[in-house]
Amino acid sequence: MHVDETPTYYTATKKYDLSFPSLEGDIEADVVIIGGGFSGIHTALELAEHGVTNVVVLEAKYLGFGGTSRNGGQVMAGIGHDLDAIRKDVGVEGVKAIFALSDVGPQIMRERIAKYNIDADFRGGYGYMAYNGRQAKTLRGWEKAFKSLGSPYEIRYLEGSEVQQIIGTNVYKAGLLHMGGGQVHSLNLLLGEAKAVTEVYGARIFEYSPALEVSYGNQVVVRTAKGSVKAQKLVWAVDGFNNHIEPELHRSTINVYAFNSVTEPLSDELIKRISPIRGAYSDISPVINYYRITNENRLMFGSATQLIERIPEDLKAWNKRLLLEIFPYLKDVRIDLAWGGSMASSVNLFPQVGTLQDKPNVFYVQGYSGFGVTPSQIICKILAEGILGGSDRYRLISSIPRTGIPGKDHYRALLVSLGKALHQTTGYWHGRR
């Protein structure tokens, strides 16, 4: 079984027993969305909330098959990895405008969970962790920047022994507690949104209905094995599962693999030692380790390979080794489940939003580069604004050019490894190593 097919913690603990039919017959819609992950469902819900309810979502397998059910469930501030990477495209004022959106993703998530009564195990409390003085200096800057946004939640820098107030390890020099962030069961969030968009607003979702052929024009026609959808507008929301069906989009992202695991259930005493705030955490290195305490008293832990792009043969052992570097006292704890999956990454590690060249009714969103759980909330709101006629922030983000990645189909692992080496090197000078 390929790593993309492995069971995950999310599929094992989902609370919504939803299933949707495959498409049979020819239907029409105002908007057709290809892809039933966070991007597709977020966008459908945003459109429905603004009165565009004749929306069809086509999913090739089942809702959340991709990154939505393979991530760490981290609710983090910000969009993209490093806004300096897009400064040349949007200018200083553009960077300021995008940074001002840092807290909007978590805010949308909280509001949506409350509005539709979604059972997604949301819990506040996030720790950004620093291993050394350079990273600690970066966190001090983040504290000032995050506070400047006027967050109503506690944001506090900790150093030295203070770090033990939020995390039970001595490997970190400093930490930044941000109570506006936290964690979420991402698959239950997606399914709760899908329930709302179909039952409240009447949008239609079809599973096991891969797009086989797309015809562009004033109206778009998407053909599946047993039917078709004719629509005024189309949204590509397939991220790393394009598979050449839309070559223009396929060229500008490359798939990178990340891996997650969960421990056996742990005692309350051990959980309190690991995480006094029962929170979610990540370091700020170029390739991060990220982890959190689940509702069932498990420690979920994830990462990616630091330099050489590869899929470890034994995911449980690989994750356990990294986990023990932070929590050596968990050496006797069993790893119950480990899984992996691909994430579509862009050259600038920033999400891509816009329309295809000379096709103003064909929209796309892709390339979250491993940071999609929370940013997808605000990115898809902005995308919906573009579909509905445009906005200043849609024009800003859609102005960021997509860069093609030559050779990605034949040399994926080599190109990703070279990219990681460059990312690690530049990370030193940006206070991330």
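Residues numbered from 1 in each chain as written. Predicted model: local features only at pLDDT ≥ 70, side-chain atom pairs only at ≥ 80, totals over all residues. Heavy atoms only, no water.

**Let's talk about a nonpolar patch on the surface**
Next up, step 1: Taken together, the side chains of Tyr 411, Leu 414 and Leu 418 define a hydrophobic patch exposed on the protein surface, amounting to about 340 Å² of accessible area.
Next up, step 2: Along the polypeptide, Tyr 411 turns up in the loop between α11 (392-398) and α12 (412-429). (Patch = residues over 30% accessible without salt bridge, like charges linked within 9 Å, V, L, I, M, F, W, Y side chains within 5 Å. Areas by Shrake-Rupley, 256 points an atom, 1.4 Å probe, with all protein chains shown as cover. Salt bridge = Lys/Arg side-chain N within 4 Å of Asp/Glu carboxyl O. Helix = DSSP H or I, 4+ residues; strand = E, 2+ residues; numbered from the N terminus.)

**Notes on the packing of aromatic side chains**
Next up, step 1: Under the definition given, this model contains 17 aromatic pairs.
Next up, step 2: With 6.4 Å between their ring centres and 80° between their planes, Tyr 10 and Trp 339 make a pair best called edge-to-face. With a gap of 329 residues between them, Tyr 10 in helix α1 (residues 9-12) and Trp 339 in strand β15 (residues 335-345) connect regions that are remote in the sequence. Taken as a pair, Tyr 10 and Trp 339 share a single burial class, namely buried.
Next up, step 3: Plain terms: the ring middles of Tyr 128 and Trp 142 are 5.6 Å apart, the flat faces sit at 85° to each other, and that makes the pair edge-to-face. Of this pair, Tyr 128 sits in strand β4 (residues 123-130) while Trp 142 sits in helix α5 (residues 133-147); the two residues are 14 residues apart in sequence, bridging distant segments of the chain.
Next up, step 4: Classification of Trp 142 as partly exposed rests on a relative accessible area of 22%.
Next up, step 5: Among the aromatic residues, those joined into a cluster by ring pairs are Phe 99, Tyr 126, Tyr 128, Trp 142 and Phe 146. (Phe/Tyr/Trp six-rings, centres within 6.5 Å; stacked < 30°, edge-to-face > 60°. Buried < 20%, exposed > 50% of the residue type's maximum accessible area, 1.4 Å probe, protein only.)

**Here's the deal with unusual backbone geometry**
Next up, step 1: Here Asn 297, not a glycine, exhibits a phi torsion of approximately 65°, which is positive.
Next up, step 2: Mapped onto the secondary structure, Asn 297 falls in the loop between β13 (290-293) and β14 (299-303).

**Notes on the environment of Leu 47**
Next up, step 1: Along the chain, Leu 47 turns up in helix α2 (residues 38-49).
Next up, step 2: Overall, the relative accessible area of 0% leaves Leu 47 in the buried class.
Next up, step 3: Remark: the alpha-carbon pair of Leu 47 and Gly 94, spanning 47 residues in sequence, is separated by 25 Å.
Next up, step 4: Residue contacts for Leu 47: discarding those within four places in its chain leaves Val 31, Val 52, Val 55, Ala 384, Ile 387 and Leu 388. (Contact = heavy atoms within 4.5 Å.)

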